[in-house]
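# A look at the structure
This is what each chain is made of:
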Amino acid sequence: MVNLTRIYTKTGDDGTTALGDMSRTSKNDPRLEAYATVDEANSSIGVVLSTDKLADDIRILLVRIQNDLFDVGADLCTPVIDKPAFEPLRVLESQITYLEDSIDAYNADLEPLRSFVLPSGTAAAAHLHVARTVVRRAERRTWTAIHSFGSGVNPLTAQYLNRLSDLLFVLARVANKEIGDQLWVPGANR
């Protein structure tokens, strides 16, 4: 259980922060960059949820994803070690499978793509595209952390973020279903 009684502690005033195991690290640590970008992605999804005309099933799905993104952040901030004193929260294959199942379900009702989609359309779709790109950045930051710390970072976090960005793309297309996707026309303005 998290108990936040004080919002500021001043412990980070020296350019360090605590990881989930209470060890201290630089605020430039690749793991911190990864989970901070996951937090940004979560906030981007919050903006999507503030839009009107978002289907209830998508709203429920996005809230579930927001919760899972806290799991991703908790996983990224807690180094993977052998025989930890307390079992840390880790992203599981089942969370990735859930995203894959959601992608398949929502994509089944969409027209096949003949070109790349321009990130535009309804307010919900445009915000979903922004969230998608922030999630992609979080994934890249996570891979940097994995490459920096090897087995000390759970690779399922990167896989989760990869599938999430795909799901957000599909949901943006769903949000544009009534008006249609705006497709890229290669060389259209030459």
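Residues numbered from 1 in each chain as written. Predicted model: local features only at pLDDT ≥ 70, side-chain atom pairs only at ≥ 80, totals over all residues. Heavy atoms only, no water.

### Details of the overall build of the protein
Within the protein, the secondary structure is distributed over 5 helices and 2 strands. Put simply, the protein runs from its N terminus to its C terminus through helices and strands in the order β-β-α-α-α-α-α. Within the protein, buried positions represent 39% of all 190 residues. If you take every contact in the protein between residues at least 6 apart in sequence, the share linking residues at least 24 apart comes to 72%. Carbon together with sulfur atoms contributes 54% to the accessible area of the protein, which is approximately 11300 Å² in total. (Helix = DSSP H or I, 4+ residues; strand = E, 2+ residues; numbered from the N terminus. Buried < 20%, exposed > 50% of the residue type's maximum accessible area, 1.4 Å probe, protein only. Contact = heavy atoms within 4.5 Å. Areas by Shrake-Rupley, 256 points an atom, 1.4 Å probe, with all protein chains shown as cover.)

### Digging into the layout of surface pockets
There is about 340 Å³ of room inside the largest pocket. Lining the largest pocket are 11 residues, and of these Tyr35, Asp39, Phe70, Gly73 and Ala74 lie nearest its centre. Among the secondary structure elements, those contributing two or more residues to the lining of the largest pocket are α1 (30–49) and α2 (56–76). (1 Å grid on protein atoms, 1.4 Å probe; cavity = no way out; pocket = protein on both sides within 12 Å on 5 of 7 lines; lining within 4 Å. Points joined across faces, edges and corners; volume = space filled by probe spheres on them.)

### A short note on the nonpolar core
If you look at the biggest cluster of nonpolar residues, it comprises 43 residues, and the most contacted ones within it are Leu62, Ile65, Leu69, Tyr160, Leu168 and Leu171. Every element with two or more residues in this core is listed here: α1, α2, α3 (93–107), α4 (123–149) and α5 (156–175). Discounting chain neighbours no more than four positions away, the residues touching leucine 62 are Ile45, Val48, Leu49, Leu54, Leu128, Leu168 and Leu171. (Core = buried A, V, L, I, M, F, W, Y, C linked by side-chain atoms within 4.5 Å.)

### Remarks on the pattern of salt bridges
For the coordinates displayed, the defined rule picks out 8 salt bridges. Among the salt bridges present, the one from arginine 141 reaches glutamate 33, with a minimum N-O distance of 3.7 Å. Residue arginine 141 is located in helix α4, and its partner glutamate 33 is located in helix α1; the two are separated by 108 residues in the primary sequence. Owing to a relative accessible area of 31%, arginine 141 belongs among the partly exposed residues under this scheme. Taking the relative accessible area as the measure of exposure, glutamate 33 reaches 33% and is therefore partly exposed. Here arginine 163 and glutamate 100 are joined by a salt bridge, their closest N and O atoms 2.9 Å apart. (Salt bridge = Lys/Arg side-chain N within 4 Å of Asp/Glu carboxyl O.)

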